[in-house]
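Examining the three-dimensional arrangement
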Amino acid sequence: MSNSRTISFEHLEGSTISFETEYRQSTDTSAPTLSLLEKLELHTNLLNGTLPLSLVNCTKLQLLILRLNSLGGRLSDFNFSGFSQLTKVDLLKNQFSGELPKSLFSCKSLTAIRLARNKLVGEISPDILELPSLSFLSLTGNTFKNLSQALNILSHHEKLTTLLLSYNFINETLPASGISGFQELKVLGLVGCELFGQIPIWLMSLTNLELINLSENNIKGQIPGWIQYLPNLFYIALANNLLSGGLPVELTRLPALASHQVLDQVKYNNFELPMFGVRLHASNWQYNCLASFRPMLDLSYNNLSGDIPVEIGNMKSIQDLVLSNNYFSGTIPSSISNLTNLESLELSHNLLSGEIPTSLTSLNFLSSFSVAYNNLQGSVPTGRQFDTFSNQCYEGNPRLCGPPMQKSCTERSDPSSPPSGHKKGLDTEMIFGPLLGFCFGFGTILTCQLHCMLSERRILPRWIHRYFIWA
(Lines give C-alpha, C1' and ligand atoms only; values in the text may rest on other atoms or scores of the structure.)
Protein backbone atom coordinates (compact mmCIF):
# COMPACT_ATOMS: atom_id res chain seq x y z
CA MET A 1 0.00 0.00 0.00
CA SER A 2 1.72 3.20 -1.14
CA ASN A 3 -0.47 5.73 0.71
CA SER A 4 -3.86 6.10 2.36
CA ARG A 5 -5.48 6.86 -0.98
CA THR A 6 -4.11 3.90 -2.89
CA ILE A 7 -4.20 0.19 -2.15
CA SER A 8 -2.12 -1.88 -4.54
CA PHE A 9 -1.18 -5.54 -4.10
CA GLU A 10 -0.14 -7.74 -7.02
CA HIS A 11 0.87 -11.41 -7.14
CA LEU A 12 0.39 -12.07 -3.44
CA GLU A 13 2.10 -15.34 -2.49
CA GLY A 14 0.68 -18.12 -0.35
CA SER A 15 -2.82 -19.27 0.41
CA THR A 16 -6.08 -18.13 -1.10
CA ILE A 17 -7.22 -14.86 0.41
CA SER A 18 -10.73 -13.69 1.14
CA PHE A 19 -11.35 -10.28 -0.40
CA GLU A 20 -13.35 -9.14 2.64
CA THR A 21 -10.55 -10.14 5.01
CA GLU A 22 -7.76 -8.64 2.89
CA TYR A 23 -9.72 -5.45 2.33
CA ARG A 24 -10.26 -4.93 6.04
CA GLN A 25 -6.64 -5.72 6.89
CA SER A 26 -5.33 -3.34 4.24
CA THR A 27 -7.33 -0.26 5.21
CA ASP A 28 -8.32 1.66 8.25
CA THR A 29 -11.98 0.74 8.59
CA SER A 30 -13.00 4.19 9.72
CA ALA A 31 -15.24 6.03 7.30
CA PRO A 32 -12.93 9.07 6.88
CA THR A 33 -10.11 6.88 5.50
CA LEU A 34 -12.44 4.95 3.22
CA SER A 35 -13.83 8.15 1.83
CA LEU A 36 -10.33 9.18 0.72
CA LEU A 37 -9.50 5.97 -1.14
CA GLU A 38 -8.96 6.67 -4.85
CA LYS A 39 -7.28 3.54 -6.24
CA LEU A 40 -7.88 -0.10 -5.35
CA GLU A 41 -5.58 -2.42 -7.29
CA LEU A 42 -5.60 -6.06 -6.17
CA HIS A 43 -5.23 -7.80 -9.53
CA THR A 44 -3.49 -11.11 -10.21
CA ASN A 45 -4.00 -12.66 -6.80
CA LEU A 46 -6.06 -15.49 -5.30
CA LEU A 47 -8.88 -13.38 -3.90
CA ASN A 48 -12.26 -15.02 -3.49
CA GLY A 49 -15.61 -14.07 -2.01
CA THR A 50 -17.80 -11.21 -3.19
CA LEU A 51 -17.34 -7.47 -3.48
CA PRO A 52 -17.65 -6.24 0.15
CA LEU A 53 -20.60 -3.93 0.78
CA SER A 54 -18.32 -1.64 2.79
CA LEU A 55 -16.59 -0.75 -0.47
CA VAL A 56 -19.47 1.62 -1.26
CA ASN A 57 -18.02 3.99 1.36
CA CYS A 58 -15.12 4.71 -1.01
CA THR A 59 -16.96 7.52 -2.72
CA LYS A 60 -13.79 9.04 -4.18
CA LEU A 61 -12.75 5.79 -5.86
CA GLN A 62 -11.34 6.31 -9.36
CA LEU A 63 -9.77 2.93 -10.17
CA LEU A 64 -11.15 -0.51 -9.32
CA ILE A 65 -8.70 -3.08 -10.71
CA LEU A 66 -9.48 -6.62 -9.54
CA ARG A 67 -8.71 -8.69 -12.64
CA LEU A 68 -7.37 -12.24 -12.49
CA ASN A 69 -8.87 -13.36 -9.20
CA SER A 70 -11.65 -15.74 -8.14
CA LEU A 71 -14.22 -13.22 -6.95
CA GLY A 72 -17.85 -14.07 -7.56
CA GLY A 73 -21.50 -13.48 -6.78
CA ARG A 74 -24.15 -11.60 -8.70
CA LEU A 75 -22.51 -8.44 -9.93
CA SER A 76 -25.85 -6.64 -10.10
CA ASP A 77 -26.19 -7.04 -6.31
CA PHE A 78 -23.38 -4.53 -5.79
CA ASN A 79 -24.34 -0.85 -5.87
CA PHE A 80 -21.92 1.19 -8.00
CA SER A 81 -24.07 4.34 -7.98
CA GLY A 82 -22.01 6.14 -5.33
CA PHE A 83 -18.81 6.13 -7.41
CA SER A 84 -19.23 9.42 -9.22
CA GLN A 85 -15.46 9.72 -9.85
CA LEU A 86 -14.87 6.14 -10.99
CA THR A 87 -13.06 6.08 -14.35
CA LYS A 88 -11.93 2.45 -14.80
CA VAL A 89 -13.35 -0.92 -13.74
CA ASP A 90 -11.39 -4.08 -14.53
CA LEU A 91 -12.87 -7.38 -13.33
CA LEU A 92 -11.31 -9.60 -16.01
CA LYS A 93 -11.35 -13.35 -15.34
CA ASN A 94 -13.33 -13.72 -12.16
CA GLN A 95 -16.52 -15.64 -11.40
CA PHE A 96 -19.12 -12.86 -11.40
CA SER A 97 -22.59 -13.86 -12.57
CA GLY A 98 -25.93 -12.26 -13.41
CA GLU A 99 -26.64 -9.37 -15.75
CA LEU A 100 -24.79 -6.12 -16.30
CA PRO A 101 -25.43 -3.97 -13.20
CA LYS A 102 -27.54 -0.94 -14.09
CA SER A 103 -25.97 0.96 -11.20
CA LEU A 104 -22.67 0.84 -13.10
CA PHE A 105 -24.18 3.08 -15.77
CA SER A 106 -24.67 5.85 -13.21
CA CYS A 107 -20.88 6.28 -12.95
CA LYS A 108 -20.73 9.12 -15.46
CA SER A 109 -16.92 9.42 -15.37
CA LEU A 110 -16.27 5.88 -16.61
CA THR A 111 -13.92 5.65 -19.57
CA ALA A 112 -13.10 1.92 -19.43
CA ILE A 113 -15.05 -1.21 -18.44
CA ARG A 114 -13.68 -4.73 -18.63
CA LEU A 115 -15.93 -7.55 -17.42
CA ALA A 116 -14.44 -10.18 -19.72
CA ARG A 117 -14.24 -13.90 -18.91
CA ASN A 118 -16.90 -14.01 -16.21
CA LYS A 119 -20.32 -15.67 -16.17
CA LEU A 120 -22.49 -12.73 -17.13
CA VAL A 121 -25.68 -13.19 -19.14
CA GLY A 122 -28.47 -11.20 -20.75
CA GLU A 123 -28.46 -8.35 -23.24
CA ILE A 124 -26.63 -5.06 -23.45
CA SER A 125 -29.00 -2.37 -22.24
CA PRO A 126 -29.44 1.08 -23.84
CA ASP A 127 -28.63 2.44 -20.38
CA ILE A 128 -24.96 2.01 -21.26
CA LEU A 129 -25.33 5.14 -23.40
CA GLU A 130 -25.51 7.10 -20.14
CA LEU A 131 -21.70 6.84 -20.02
CA PRO A 132 -20.66 9.73 -22.29
CA SER A 133 -16.89 9.18 -21.94
CA LEU A 134 -16.74 5.41 -22.45
CA SER A 135 -13.92 4.55 -24.85
CA PHE A 136 -12.95 0.98 -23.85
CA LEU A 137 -15.44 -1.88 -23.45
CA SER A 138 -14.48 -5.55 -23.10
CA LEU A 139 -17.16 -8.16 -22.46
CA THR A 140 -15.31 -11.11 -24.02
CA GLY A 141 -16.08 -14.61 -22.79
CA ASN A 142 -19.53 -14.26 -21.22
CA THR A 143 -22.95 -15.38 -22.47
CA PHE A 144 -24.52 -12.21 -23.84
CA LYS A 145 -27.21 -12.40 -26.51
CA ASN A 146 -28.73 -10.25 -29.28
CA LEU A 147 -25.70 -9.01 -31.23
CA SER A 148 -27.75 -6.80 -33.55
CA GLN A 149 -29.18 -4.87 -30.64
CA ALA A 150 -25.79 -4.63 -28.96
CA LEU A 151 -24.12 -3.18 -32.06
CA ASN A 152 -26.98 -0.77 -32.68
CA ILE A 153 -26.71 0.56 -29.15
CA LEU A 154 -22.94 0.71 -28.88
CA SER A 155 -22.55 2.36 -32.28
CA HIS A 156 -23.95 5.55 -30.71
CA HIS A 157 -21.03 5.85 -28.31
CA GLU A 158 -19.16 8.74 -29.89
CA LYS A 159 -15.91 8.14 -27.98
CA LEU A 160 -15.77 4.34 -28.14
CA THR A 161 -12.40 3.26 -29.58
CA THR A 162 -12.05 -0.36 -28.35
CA LEU A 163 -14.88 -2.91 -28.47
CA LEU A 164 -14.20 -6.55 -27.54
CA LEU A 165 -17.24 -8.85 -27.65
CA SER A 166 -15.67 -12.20 -28.49
CA TYR A 167 -17.15 -15.51 -27.32
CA ASN A 168 -20.68 -14.19 -26.90
CA PHE A 169 -23.76 -14.19 -29.17
CA ILE A 170 -23.16 -17.85 -30.11
CA ASN A 171 -24.68 -18.94 -33.46
CA GLU A 172 -26.32 -15.59 -34.11
CA THR A 173 -26.12 -13.73 -37.43
CA LEU A 174 -23.73 -10.89 -38.06
CA PRO A 175 -26.01 -8.01 -39.16
CA ALA A 176 -25.46 -7.25 -42.83
CA SER A 177 -26.62 -3.64 -42.67
CA GLY A 178 -28.36 -1.11 -40.48
CA ILE A 179 -25.37 -0.30 -38.27
CA SER A 180 -24.18 3.28 -38.37
CA GLY A 181 -21.83 5.13 -36.06
CA PHE A 182 -18.66 3.81 -34.46
CA GLN A 183 -16.90 6.81 -35.92
CA GLU A 184 -13.98 6.60 -33.47
CA LEU A 185 -13.71 2.80 -33.30
CA LYS A 186 -10.18 1.50 -33.76
CA VAL A 187 -10.34 -2.04 -32.39
CA LEU A 188 -13.13 -4.57 -33.00
CA GLY A 189 -13.02 -8.13 -31.68
CA LEU A 190 -15.76 -10.69 -32.43
CA VAL A 191 -13.81 -13.94 -32.19
CA GLY A 192 -15.34 -17.33 -31.54
CA CYS A 193 -18.99 -16.31 -31.69
CA GLU A 194 -19.73 -18.85 -34.45
CA LEU A 195 -21.61 -16.10 -36.25
CA PHE A 196 -23.31 -16.66 -39.59
CA GLY A 197 -23.47 -14.21 -42.46
CA GLN A 198 -20.95 -12.38 -44.60
CA ILE A 199 -18.43 -9.62 -43.99
CA PRO A 200 -20.89 -6.71 -43.53
CA ILE A 201 -20.71 -3.63 -45.69
CA TRP A 202 -21.28 -1.31 -42.72
CA LEU A 203 -17.67 -1.97 -41.73
CA MET A 204 -16.66 0.19 -44.71
CA SER A 205 -17.80 3.29 -42.79
CA LEU A 206 -15.43 2.58 -39.89
CA THR A 207 -12.65 4.67 -41.38
CA ASN A 208 -10.66 4.84 -38.13
CA LEU A 209 -10.54 1.05 -37.74
CA GLU A 210 -7.03 -0.26 -37.23
CA LEU A 211 -7.50 -3.79 -35.85
CA ILE A 212 -10.26 -6.27 -36.63
CA ASN A 213 -10.56 -9.89 -35.55
CA LEU A 214 -13.51 -11.95 -36.84
CA SER A 215 -11.82 -15.35 -36.51
CA GLU A 216 -13.59 -18.56 -35.50
CA ASN A 217 -16.99 -17.82 -36.98
CA ASN A 218 -19.10 -19.21 -39.83
CA ILE A 219 -18.71 -16.23 -42.15
CA LYS A 220 -19.21 -17.13 -45.82
CA GLY A 221 -18.83 -15.39 -49.14
CA GLN A 222 -15.90 -13.58 -50.65
CA ILE A 223 -13.55 -11.08 -49.07
CA PRO A 224 -14.90 -7.73 -50.29
CA GLY A 225 -12.61 -5.43 -52.24
CA TRP A 226 -13.89 -2.35 -50.41
CA ILE A 227 -11.66 -3.25 -47.46
CA GLN A 228 -8.95 -1.32 -49.31
CA TYR A 229 -10.78 1.89 -48.38
CA LEU A 230 -10.09 1.49 -44.65
CA PRO A 231 -7.01 3.71 -44.54
CA ASN A 232 -5.73 2.82 -41.07
CA LEU A 233 -6.40 -0.93 -41.03
CA PHE A 234 -3.18 -2.86 -40.42
CA TYR A 235 -4.29 -5.95 -38.47
CA ILE A 236 -6.82 -8.28 -40.16
CA ALA A 237 -7.71 -11.67 -38.70
CA LEU A 238 -10.42 -13.61 -40.57
CA ALA A 239 -9.12 -17.09 -39.80
CA ASN A 240 -11.23 -20.19 -39.33
CA ASN A 241 -14.30 -19.13 -41.27
CA LEU A 242 -15.94 -20.37 -44.47
CA LEU A 243 -14.71 -17.64 -46.80
CA SER A 244 -14.41 -18.61 -50.47
CA GLY A 245 -13.14 -17.13 -53.72
CA GLY A 246 -9.69 -15.71 -54.16
CA LEU A 247 -7.45 -13.34 -52.30
CA PRO A 248 -8.62 -10.01 -53.76
CA VAL A 249 -5.93 -7.81 -55.24
CA GLU A 250 -7.65 -4.86 -53.55
CA LEU A 251 -6.58 -6.24 -50.19
CA THR A 252 -2.94 -5.68 -51.14
CA ARG A 253 -3.67 -1.96 -51.50
CA LEU A 254 -4.52 -1.33 -47.86
CA PRO A 255 -2.69 1.93 -47.18
CA ALA A 256 -1.43 0.99 -43.71
CA LEU A 257 0.01 -2.30 -45.01
CA ALA A 258 1.37 -0.86 -48.24
CA SER A 259 3.13 2.21 -46.84
CA HIS A 260 5.47 2.62 -43.90
CA GLN A 261 4.58 6.28 -43.80
CA VAL A 262 0.88 5.55 -43.29
CA LEU A 263 1.59 2.89 -40.68
CA ASP A 264 3.84 5.27 -38.78
CA GLN A 265 0.83 7.50 -38.27
CA VAL A 266 -0.88 4.86 -36.12
CA LYS A 267 -1.55 6.42 -32.74
CA TYR A 268 0.83 5.50 -29.98
CA ASN A 269 -1.58 6.49 -27.21
CA ASN A 270 -2.03 3.86 -24.54
CA PHE A 271 -5.28 1.94 -24.21
CA GLU A 272 -7.48 2.94 -21.30
CA LEU A 273 -6.77 -0.55 -19.98
CA PRO A 274 -4.05 -2.90 -21.25
CA MET A 275 -5.33 -5.47 -23.73
CA PHE A 276 -4.43 -9.11 -23.18
CA GLY A 277 -3.82 -11.71 -25.84
CA VAL A 278 -4.77 -15.06 -24.36
CA ARG A 279 -3.58 -18.25 -26.06
CA LEU A 280 -4.37 -21.79 -24.91
CA HIS A 281 -1.47 -23.44 -23.03
CA ALA A 282 0.63 -20.29 -23.26
CA SER A 283 1.31 -17.22 -21.21
CA ASN A 284 -0.70 -14.06 -21.75
CA TRP A 285 0.56 -11.21 -23.89
CA GLN A 286 -0.07 -7.66 -22.76
CA TYR A 287 -0.59 -4.81 -25.21
CA ASN A 288 -0.54 -1.29 -23.84
CA CYS A 289 -1.04 0.55 -27.12
CA LEU A 290 -1.96 -0.06 -30.75
CA ALA A 291 1.68 0.10 -31.78
CA SER A 292 2.27 -3.10 -29.79
CA PHE A 293 0.42 -5.13 -32.45
CA ARG A 294 2.36 -6.41 -35.45
CA PRO A 295 0.86 -5.64 -38.89
CA MET A 296 -0.83 -8.87 -39.94
CA LEU A 297 -3.07 -10.60 -42.46
CA ASP A 298 -4.44 -13.95 -41.26
CA LEU A 299 -6.78 -15.77 -43.67
CA SER A 300 -5.95 -19.31 -42.53
CA TYR A 301 -8.50 -22.12 -42.26
CA ASN A 302 -10.91 -20.93 -44.94
CA ASN A 303 -11.91 -22.17 -48.39
CA LEU A 304 -9.95 -19.60 -50.38
CA SER A 305 -8.55 -20.69 -53.75
CA GLY A 306 -6.77 -19.48 -56.87
CA ASP A 307 -3.36 -17.94 -57.20
CA ILE A 308 -1.72 -15.81 -54.55
CA PRO A 309 -1.61 -12.48 -56.42
CA VAL A 310 1.80 -11.16 -57.30
CA GLU A 311 0.65 -7.83 -55.86
CA ILE A 312 1.06 -9.37 -52.41
CA GLY A 313 4.55 -7.90 -52.62
CA ASN A 314 3.06 -4.41 -52.26
CA MET A 315 2.25 -4.96 -48.57
CA LYS A 316 5.58 -3.54 -47.48
CA SER A 317 4.63 -3.00 -43.82
CA ILE A 318 3.29 -6.46 -43.09
CA GLN A 319 5.06 -8.63 -40.51
CA ASP A 320 2.78 -11.69 -40.32
CA LEU A 321 1.28 -13.26 -43.46
CA VAL A 322 -0.79 -16.36 -42.68
CA LEU A 323 -2.53 -18.10 -45.61
CA SER A 324 -2.31 -21.72 -44.45
CA ASN A 325 -5.07 -24.34 -44.67
CA ASN A 326 -6.81 -23.07 -47.78
CA TYR A 327 -6.83 -24.19 -51.43
CA PHE A 328 -4.40 -21.68 -52.94
CA SER A 329 -2.75 -23.01 -56.09
CA GLY A 330 -0.12 -21.86 -58.55
CA THR A 331 3.36 -20.84 -57.54
CA ILE A 332 4.66 -18.91 -54.56
CA PRO A 333 5.11 -15.32 -55.83
CA SER A 334 8.72 -14.22 -55.73
CA SER A 335 7.39 -10.73 -54.96
CA ILE A 336 6.97 -11.86 -51.34
CA SER A 337 10.69 -11.15 -51.07
CA ASN A 338 9.75 -7.44 -51.23
CA LEU A 339 8.14 -7.75 -47.78
CA THR A 340 11.35 -6.88 -45.98
CA ASN A 341 9.68 -6.60 -42.55
CA LEU A 342 8.12 -10.06 -42.75
CA GLU A 343 8.66 -12.17 -39.63
CA SER A 344 6.13 -14.96 -40.19
CA LEU A 345 5.13 -16.60 -43.50
CA GLU A 346 2.68 -19.49 -43.22
CA LEU A 347 1.64 -21.16 -46.50
CA SER A 348 1.21 -24.77 -45.37
CA HIS A 349 -1.70 -27.05 -46.33
CA ASN A 350 -2.51 -25.56 -49.71
CA LEU A 351 -2.14 -26.72 -53.33
CA LEU A 352 0.91 -24.65 -54.22
CA SER A 353 3.28 -26.00 -56.88
CA GLY A 354 6.60 -25.10 -58.46
CA GLU A 355 9.74 -24.18 -56.57
CA ILE A 356 10.29 -22.13 -53.44
CA PRO A 357 11.67 -18.78 -54.68
CA THR A 358 15.30 -18.41 -53.66
CA SER A 359 14.70 -14.67 -53.32
CA LEU A 360 12.91 -15.38 -50.03
CA THR A 361 16.33 -15.83 -48.43
CA SER A 362 16.62 -12.02 -48.45
CA LEU A 363 13.92 -11.80 -45.75
CA ASN A 364 16.31 -11.15 -42.89
CA PHE A 365 13.65 -10.95 -40.17
CA LEU A 366 11.83 -14.14 -41.12
CA SER A 367 11.66 -16.34 -38.02
CA SER A 368 8.58 -18.49 -38.69
CA PHE A 369 8.10 -20.21 -42.04
CA SER A 370 6.12 -23.19 -43.34
CA VAL A 371 5.20 -24.49 -46.78
CA ALA A 372 4.39 -28.00 -45.52
CA TYR A 373 1.85 -30.14 -47.36
CA ASN A 374 1.75 -28.57 -50.80
CA ASN A 375 2.95 -29.83 -54.20
CA LEU A 376 6.29 -28.04 -54.25
CA GLN A 377 9.41 -29.36 -55.96
CA GLY A 378 13.06 -28.60 -56.43
CA SER A 379 15.75 -27.69 -53.94
CA VAL A 380 15.04 -26.01 -50.62
CA PRO A 381 16.63 -22.54 -50.46
CA THR A 382 19.61 -22.22 -48.15
CA GLY A 383 21.38 -19.38 -46.45
CA ARG A 384 20.53 -16.80 -43.80
CA GLN A 385 17.24 -17.45 -42.01
CA PHE A 386 16.50 -20.53 -44.13
CA ASP A 387 19.35 -22.39 -42.46
CA THR A 388 17.36 -22.25 -39.20
CA PHE A 389 14.14 -23.88 -40.48
CA SER A 390 13.56 -27.55 -39.72
CA ASN A 391 12.34 -30.41 -41.88
CA GLN A 392 8.82 -29.91 -40.51
CA CYS A 393 8.57 -26.63 -42.41
CA TYR A 394 8.73 -28.57 -45.70
CA GLU A 395 7.19 -31.99 -45.00
CA GLY A 396 4.38 -33.22 -47.22
CA ASN A 397 6.21 -32.11 -50.38
CA PRO A 398 7.82 -35.36 -51.63
CA ARG A 399 9.49 -33.65 -54.58
CA LEU A 400 11.44 -31.17 -52.48
CA CYS A 401 15.08 -32.01 -51.95
CA GLY A 402 18.18 -30.78 -50.22
CA PRO A 403 18.78 -29.99 -46.55
CA PRO A 404 17.04 -30.12 -44.19
CA MET A 405 15.11 -32.71 -46.25
CA GLN A 406 16.44 -36.27 -46.15
CA LYS A 407 16.17 -36.50 -49.93
CA SER A 408 19.26 -35.40 -51.81
CA CYS A 409 18.87 -33.34 -54.95
CA THR A 410 21.39 -35.62 -56.68
CA GLU A 411 19.24 -38.74 -56.29
CA ARG A 412 18.07 -40.29 -59.55
CA SER A 413 16.01 -43.39 -60.23
CA ASP A 414 18.03 -46.40 -61.49
CA PRO A 415 17.48 -46.56 -65.28
CA SER A 416 18.64 -50.20 -65.37
CA SER A 417 15.66 -51.37 -63.30
CA PRO A 418 12.70 -52.12 -65.53
CA PRO A 419 9.30 -50.85 -64.52
CA SER A 420 7.54 -53.29 -62.21
CA GLY A 421 4.65 -53.65 -64.62
CA HIS A 422 6.97 -55.23 -67.25
CA LYS A 423 8.48 -58.01 -65.13
CA LYS A 424 8.17 -61.56 -66.35
CA GLY A 425 6.08 -64.15 -64.61
CA LEU A 426 2.62 -63.47 -63.22
CA ASP A 427 0.78 -60.51 -64.65
CA THR A 428 1.18 -58.23 -61.63
CA GLU A 429 -0.86 -55.54 -63.34
CA MET A 430 -3.85 -57.88 -63.42
CA ILE A 431 -3.36 -58.78 -59.76
CA PHE A 432 -2.60 -55.41 -58.25
CA GLY A 433 -4.61 -53.22 -60.59
CA PRO A 434 -8.04 -53.89 -59.07
CA LEU A 435 -6.55 -53.81 -55.58
CA LEU A 436 -4.96 -50.44 -56.16
CA GLY A 437 -8.17 -49.18 -57.72
CA PHE A 438 -10.13 -50.24 -54.67
CA CYS A 439 -7.63 -48.59 -52.31
CA PHE A 440 -7.63 -45.44 -54.39
CA GLY A 441 -11.42 -45.26 -54.43
CA PHE A 442 -11.70 -45.94 -50.72
CA GLY A 443 -9.03 -43.34 -50.01
CA THR A 444 -10.83 -40.81 -52.18
CA ILE A 445 -14.05 -41.32 -50.23
CA LEU A 446 -12.23 -40.85 -46.93
CA THR A 447 -10.48 -37.77 -48.28
CA CYS A 448 -13.77 -36.24 -49.39
CA GLN A 449 -15.33 -36.91 -46.01
CA LEU A 450 -12.36 -35.38 -44.25
CA HIS A 451 -12.47 -32.45 -46.64
CA CYS A 452 -16.13 -31.85 -45.75
CA MET A 453 -15.35 -31.89 -42.05
CA LEU A 454 -12.47 -29.50 -42.53
CA SER A 455 -14.47 -27.20 -44.78
CA GLU A 456 -17.31 -26.96 -42.30
CA ARG A 457 -14.84 -26.46 -39.45
CA ARG A 458 -16.70 -28.88 -37.20
CA ILE A 459 -13.81 -30.63 -35.50
CA LEU A 460 -10.16 -30.23 -36.39
CA PRO A 461 -9.43 -26.56 -36.98
CA ARG A 462 -11.02 -25.54 -33.68
CA TRP A 463 -8.12 -27.04 -31.78
CA ILE A 464 -5.38 -27.16 -34.41
CA HIS A 465 -5.26 -23.39 -34.76
CA ARG A 466 -5.00 -21.52 -31.46
CA TYR A 467 -5.77 -17.86 -31.74
CA PHE A 468 -4.95 -14.96 -29.55
CA ILE A 469 -8.13 -13.94 -27.75
CA TRP A 470 -8.31 -10.28 -26.96
CA ALA A 471 -9.69 -9.35 -23.54
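Nothing here was measured: the structure is a model prediction, and the numbers come from that model.

Ordered by their spatial adjacency, 5 strands build an open sheet running β22-β24-β26-β28-β29, and the pairing between neighbours is parallel. Edge positions in the open sheet fall to β22 (305-307) and β29 (399-401), since each of these has one partner strand only. Put simply, the sheet's adjacent strands are angled 25° from each other on average, direction ignored. Relative to strand β28 (residues 375-379), strand β26 (residues 351-354) is paired through 2 bridges, and the arrangement is parallel. Bridge assignment links G354 to a residue of β28, and that residue is L376.

It is worth spelling out a nonpolar patch on the surface at this point. Residues I201, M204 and Y229 make up a contiguous nonpolar surface patch of about 310 Å² in total accessible area. Looking at the element boundaries, Y229 is found in the loop between β17 (218-220) and β18 (235-237). Residue Y229 is classed as exposed on the basis of its relative accessible area, which comes to 53%.

Residues L120 and G122 of strand β10 (residues 119-122) are buried on one face, while the alternating residues K119 and V121, pointing to the opposite face, are not. Pairing between strand β8 (residues 95-98) and β10: 2 bridges, direction parallel. Each residue of the ladder has a partner; that of S97, found in β10, is K119. The sheet contact formed by β10 and strand β12 (residues 143-144) spans 2 bridges and is parallel.

Chain-level statistics for the chain give a pLDDT mean of 84 and a share of 79% at 70 or above. In this model residues 20-32 is a low-confidence stretch, pLDDT under 50, and it forms 20 contacts with partners more than four residues away in sequence or in other chains.

Let's shift gears to the side chain of D320. Relative to the elements of secondary structure, D320 occurs in strand β23 (residues 320-322). Every residue in contact with D320, bar those within four places of it in the chain, is listed here: R294, P295, M296, L297, L342, E343 and S344.

Conventions and cut-offs
Residues numbered from 1 in each chain as written. Predicted model: local features only at pLDDT ≥ 70, side-chain atom pairs only at ≥ 80, totals over all residues. Heavy atoms only, no water. Pairing = 2+ DSSP bridges. Helix = DSSP H or I, 4+ residues; strand = E, 2+ residues; numbered from the N terminus. Axes fitted to C-alpha atoms, helices over the stretch in contact; angles between N-to-C directions. Patch = residues over 30% accessible without salt bridge, like charges linked within 9 Å, V, L, I, M, F, W, Y side chains within 5 Å. Areas by Shrake-Rupley, 256 points an atom, 1.4 Å probe, with all protein chains shown as cover. Salt bridge = Lys/Arg side-chain N within 4 Å of Asp/Glu carboxyl O. Buried < 20%, exposed > 50% of the residue type's maximum accessible area, 1.4 Å probe, protein only. pLDDT = per-residue confidence, 0-100. Contact = heavy atoms within 4.5 Å.

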